[in-house]
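# Structural overview for review
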Amino acid sequence: QHVPFTAPFGSLDYLAALQYCTGKGSRITIVDSMTHEHVGEGGYLETAESVVDRIAGNDYKKREAVKMLGWAKAGPLRQKMIEGIKQLDGAFIFCFRAKEKVKPVRDKEGKTQIVDMGFMPIAGEEWVYEMALNCMLEPRAEGVPTWRSDHVGERLMMKLPAQFKSIFAESAPLSEDIGRQLAEWAKGGASTKSERSSYEMTLPTGPTK
């Protein structure tokens, strides 16, 4: 089953869409992509920016002074989304876009060093933290997750708890077998096959016919 999902991409719009899927009986919902909640039209960043625009307009100094008011508006909306999703009955797969990032860090001598963070999900850290399992699919990875990295940012975003390590012990593409093992874990180890449907939410990435 497929659910079209268009702008606005606000935090509560995502929550409403997921509540809709769950209400229709979906036990597994795939969201592609969750990044729009962060940078999309009506998303987290745009919500915060709209507050600053309303208060400060083009006054740069004033915009810097009231920037926190924007986060104060967008933050609670995202937190309400997170708490709402945690109350839903079902399994959720969230896909995030990623980009390479760097971070300025001061060393012991007070000099600023540029640290290569690697590929980072385009999303709020507090939201990514809530995932039970986080894997990274590098460009041209052909579906094989990456679990080790020399980049501090990538290491922070990866999450492979002990209960999943045996499932991903081999370097292999994500597969139906891996999905089956994750489903069995989600059901508490039950082996019965679910007959309920699954839903997928996809966002437009370009012109459609």
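A brief structural summary. (Residues numbered from 1 in each chain as written. Predicted model: local features only at pLDDT ≥ 70, side-chain atom pairs only at ≥ 80, totals over all residues. Heavy atoms only, no water.)

### Here's the deal with the pairing of strand β4 (residues 98–106)
One ladder, built from nine bridges, connects β4 with strand β5 (residues 112–121); its direction is antiparallel. Note that in β5 the partner of E100 across the bridge is F119. Where β4 folds back on β5, the antiparallel hairpin that results is connected by five residues, among which G110 adopts a positive phi of roughly 85°. (Pairing = 2+ DSSP bridges. Helix = DSSP H or I, 4+ residues; strand = E, 2+ residues; numbered from the N terminus.)

### Re the nonpolar core
Counting 16 residues, the largest nonpolar core has Y14, L18, M34, M81, I85, F94 and W127 as its most contacted members. Elements represented by at least two residues in this core include exactly α1 (11–23), α4 (60–86) and β3 (91–95). The element best represented in this core is α1, accounting for four residues. Aside from chain neighbours lying at most four places away, what touches M81 is S11, L12, Y14, L15, M34, E37 and W127. If you look at the next biggest cluster of nonpolar residues, it comprises five residues, including M117, M120, A123 and V128. (Core = buried A, V, L, I, M, F, W, Y, C linked by side-chain atoms within 4.5 Å. Buried < 20%, exposed > 50% of the residue type's maximum accessible area, 1.4 Å probe, protein only. Contact = heavy atoms within 4.5 Å.)

### Some remarks on the packing of aromatic side chains
Scanning all chains against the criterion turns up seven aromatic pairs. Where F94 meets W127, the ring centres are 5.0 Å apart and the plane angle is 70°; that geometry is what we call edge-to-face. Here F94, found in strand β3, pairs with W127, found in helix α5 (residues 125–128); they are 33 residues apart in sequence, far enough to count as distant. Across from the ring centre of Y44, 3.8 Å away, lies the NZ or CZ of R78, which sits over that ring. (Phe/Tyr/Trp six-rings, centres within 6.5 Å; stacked < 30°, edge-to-face > 60°. Lys NZ or Arg CZ within 6 Å of the ring centre and 35° of its normal.)

### Describing the packing of helix α3 (residues 44–56) against α4
Where α3 meets α4, the closest approach of the two axes is 7 Å, and the angle between their N-to-C directions is 140°. On the basis of the axis angle, α3 is oblique to α4. The two elements α3 and α4 cross, and the hand of that crossing is right-handed. Between α3, through Y44, L45, T47, A48, E49, V51, V52, D53, I55 and A56, and α4, the contact on the second element is made entirely by K62, R63, V66, K67, L69, G70, W71, K73, A74, G75, L77 and R78. The residue makeup of the contact of α3 with α4, split by class, is twelve nonpolar, three polar and seven charged. (Axes fitted to C-alpha atoms, helices over the stretch in contact; angles between N-to-C directions. Parallel < 35°, antiparallel > 145°, perpendicular 65-115°, else oblique. Left-handed = near helix turned anticlockwise from the far one by under 90°. Nonpolar A, V, L, I, M, F, W, Y, C, P; charged D, E, K, R; others polar.)

Function-wise, these values are silent; they only describe arrangement.
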